[in-house]
Amino acid sequence: MVTLTIDHKPVTVAQGTTILEAAKLAGIPIPSLCYLKDINEIGACRVCVVELEGKEKLIPACNNLVEEGMVIYTNSPKVRETRRINVELLLSQHDCHCATCVRSGNCNLQTIANDLGIISIPYKKEVPDFRWNVGFPLIRDIGKCIKCMRCVQICDKVQGMNIWDVANTGSRTTVDISFNRRIKDSDCTLCGQCITHCPVGALRERNDTAKAFEALADPEKITIVQIAPAVRAAWGESLGISREFATVKRLVSALRRIGFDYIFDTDFSADLTIMEEANEFLQKLQNKDQNTWPMFTSCCPGWVRFLKSQYPDMVPQLSTAKSPQQMFGAIAKSYYAQLLNVDPSKIYCVSIMPCLAKKQECDLPTMNSAGAGQDVDLVLTTREIDRMIRAEHIIPSELQEEEFDTPLGIGTGAGVIFGATGGVMEAALRTAYYLVTGQNPSPDAFQQVRGMDGWKEATFDISGTLVRVAVVSGLGNTRKLIRAIRRNKVQYDFVEVMACPGGCSGGGGQPIHDGLEFAGERANKLYGLDRISTLRFSHENPSIIKVYDEYLEHPLSHRAHELLHTDHTAWDMPMAPIMDQEEEEDNYS
């Protein structure tokens, strides 16, 4: 242990602790902008500088370790003045139009500037012009970039994609797309982790709220909205209500207030995905020698983009089942249009997703199976729907619970856990077991695939057949798994992949809490909902049974293939600039 003094307060911490962490443990917050524990500890912003007694120059607290007997001052006159100058210099190259920034009120730079009492900037303003493809789902505003390098580090160290890189030198240094590419020509998977780890508004999702309001105001349109599983665990975070109070039924109430005609649950189509994917897996398992293994889940569009750009020869191993979002759109504009007795072209289908890549997925040329334009017309992230709720002057704390519409609003616990890493695998195994044995397993029989570990594996006995499965989340972990498979170091039958660490709960469209990760807490909420659900198996969903009886006939039927399956090779994805040569050995145990 090491004992030191911080702001006249004796502090004892473990050896190897940084000054920043030691101060935090002592209840003394030191402001910072660029710091992300174990990911970005480069001291680039110089906002966390502190004064060390006996040393003339100030030192960054984020990457200097505590030493015995240190005397630290975190807010001395010298520190305050230096910190103020550093922040003023940042602001001199920053677009300070906070009123038009999506991060206003949730911006570390704004908070620090306010705390320092900065109301004017004494330096010449030099803000770069905004130049970007505003049609792309991910938007970067160079005028807001503070060069903290968080996006570079999260993309490199966690996701292993190397999309961002440092460009130019000196005062002109900035962050741009690597290899001098344009974003639409890059192999960006649209995971959105750079957005959720940006401390300011330099990175954001394309704002589609105006399109949503326009559709809601059109009397000729029938607006249908679906709510993804992970959204229900996060939508209240930025609205000041607790996770317990922010139930999905209160979100249903808010969406009715906003004006949507029909409000449904993506849990329904998650159950539909399980029916198709589980049957597809069992069909392949019966002809094991004729197939290449493992079979990969396909409900995460960020993962599909990754595989197409990094390992295109493995694309045929993806399940052909569409994602729950796209299955829902196809059913809404076919089966449900038939139930309503309306022209499907009048239906405007909106998704509320925890994901950025879903915005790109709905626009794919293959996602128009119902024959009425794109099956899903618009995707809103959790952050965007929260902004719409505020725009409608809805007071979340006064919302009463309301039910989903039927029949596409009925889901099971198996559908709910799609929002957590391992949830798709667990839901699929529950139904696969039933399809093989004719009996339900214990709903918790496959909980070995739960948890926040980036790479999990298990083997299950289904009526005498050993099924080897793996679950991976985060693209850095995914690359390690793919390399291990290609080197025959591991063998699996079925693999679930989610691009975002922690799965959809940690998606790139979820509410942002600077420096904090809430994927685990959100996942626990979803597992809790599964635990108290009266229906925990996708094959027992009465609406799923009904849609097959009345419309689809049976899983993998001709109509099911037309509406619910897709050809992953039928659209182009930019390739990685340097294909993985698999030269580096990854540790695996």
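Residues numbered from 1 in each chain as written. Predicted model: local features only at pLDDT ≥ 70, side-chain atom pairs only at ≥ 80, totals over all residues. Heavy atoms only, no water.

**Q** Would you mind showing me how to read the overall build of the chain here?
**A** Scanning the chain from terminus to terminus reveals 19 helices and 17 strands. Rg of the C-alpha trace for the chain: 25 Å, near the compact-globule value of 25 Å for 589 residues, within the 12% margin. Seen through its principal axes, the chain has C-alpha atoms that stretch 80 × 60 × 45 Å. Classification of the 589 residues of the chain by burial places 59% in the buried group. Carbon and sulfur atoms make up 48% of the accessible area of the chain, which amounts to about 24,100 Å² in all. With 61 positive and 74 negative side-chain charges, the chain shows a separation of 5 Å between the mean positions of the two kinds. (Helix = DSSP H or I, 4+ residues; strand = E, 2+ residues; numbered from the N terminus. Rg over C-alpha atoms; globule rule 2.2 N^0.38 Å. Buried < 20%, exposed > 50% of the residue type's maximum accessible area, 1.4 Å probe, protein only. Areas by Shrake-Rupley, 256 points an atom, 1.4 Å probe, with all protein chains shown as cover. Lys, Arg positive; Asp, Glu negative; His and termini not counted. Charge placed at Lys NZ, Arg CZ, Asp CG, Glu CD.)

**Q** Sorry if this is basic, but what is going on with the nonpolar core here?
**A** Nonpolar side chains in soluble globular proteins tend to end up buried together. The biggest cluster of nonpolar side chains holds 160 residues, and the ones touching the most others in it are Leu138, Trp164, Ile227, Leu255, Phe296 and Trp303. Sorting elements by how many residues they give to this core places helix 8 (residues 266-286) first, with 9 residues. Once residues within four sequence positions are removed from consideration, Phe296 is found in contact with Trp303, Met314, Gln317, Leu318, Ser319, Leu481, Ile482, Ile485, Val495 and Val497. (Core = buried A, V, L, I, M, F, W, Y, C linked by side-chain atoms within 4.5 Å. Contact = heavy atoms within 4.5 Å.)

**Q** Just to check I follow, could you spell out the side chain of Arg103 for this structure?
**A** Of note, Arg103 is situated in the loop between helix 2 (77-92) and helix 3 (108-115). Buried and unpaired, Arg103 has no salt bridge, with Asp514 as the nearest side chain of opposite charge at 4.8 Å. A polar contact of 3.0 Å, which involves the side chain of Arg103, links it to the backbone oxygen of Val200. (Salt bridge = Lys/Arg side-chain N within 4 Å of Asp/Glu carboxyl O. Polar contact = N/O pair within 3.5 Å; in protein donor to acceptor, adjacent residues only side chain to side chain.)

**Q** Whenever I open this one, the side chain of Arg83 confuses me. Can you help?
**A** Examined against the element boundaries, Arg83 turns out to sit in helix 2. Although Arg83 is buried, it forms no salt bridge, and the closest oppositely charged side chain is Asp7 at an N-O distance of 8.4 Å. If we ignore the near neighbours within four places in the chain, the residues touching Arg83 are Ile30, Pro31, Val47, Cys48, Val49, Thr74, Asn75 and Leu116.

**Q** Honestly, the environment of Ala458 in this entry has me stumped. Any pointers?
**A** Among the secondary structure elements, Ala458 is positioned in strand 15 (residues 455-462). Taking the C-alpha atoms as reference points, Ala458 and Leu364, separated by 94 residues in sequence, lie 34 Å from one another. Setting aside chain neighbours within four positions, we find Ala458 in contact with Gln448, Val467, Arg468 and Val469.

**Q** Quick question: what am I supposed to make of the pattern of salt bridges here?
**A** For side chains bearing opposite charge, pairing can occur when the charged atoms are close. According to the stated counting rule, one finds 37 salt bridges in the structure shown. Its salt-bridge partner being Arg383, residue Glu205 comes within 2.8 Å of it at the nearest N-O pair. On the criterion of sequence distance, the pair formed by Glu205 in strand 9 (residues 203-205) and Arg383 in helix 13 (residues 382-391) is long-range, its members being 178 residues apart. On the accessibility criterion, Arg383 (10% relative accessible area) is buried. For the salt bridge of Asp493 with Arg468, the shortest nitrogen-to-oxygen distance reads 3.2 Å. Remark: Arg468 occurs in strand 16 (residues 465-473) and Asp493 occurs in the loop between helix 16 (475-486) and strand 17 (494-498); sequence separation between them is 25 residues.

**Q** Help me out: how do you make sense of the packing of aromatic side chains in this one?
**A** Here the distance between the centres and the angle between the planes together describe a pair of aromatic rings. The final tally for this structure, using the stated rule, is 13 aromatic pairs. Here the aromatic rings of Phe306 and Tyr311 are separated by 6.1 Å at their centres, their planes lie at 50 degrees, and the arrangement is tilted. Judged on exposure class, the residue Phe306 and its partner Tyr311 are both buried. Members of the aromatic cluster, each reached through a chain of ring pairs, are Tyr262, Phe264, Phe328 and Tyr336. The ring of Trp571 has Lys308 lying over it, and the distance from NZ or CZ to the ring centre is 4.5 Å. One Lys or Arg, Arg559, reaches over the ring of Tyr551 and ends 4.1 Å from the middle of that ring. (Phe/Tyr/Trp six-rings, centres within 6.5 Å; stacked < 30°, edge-to-face > 60°. Lys NZ or Arg CZ within 6 Å of the ring centre and 35° of its normal.)

**Q** Would you mind showing me how to read helix 15 (residues 423-437) here?
**A** In an α-helix, one turn spans 3.6 residues, which is why side chains three or four residues apart end up on the same side. Its 15 residues give helix 15 an end-to-end C-alpha distance of 21 Å, which sits within 8% of 21 Å, the value for a rise of 1.5 Å per residue. Within helix 15, burial applies to Gly423, Val424, Met425, Glu426, Ala427, Ala428, Leu429, Arg430, Thr431 and Ala432. (Expected span 1.5 Å × (residues − 1).)

Keep in mind these values describe shape, not function.
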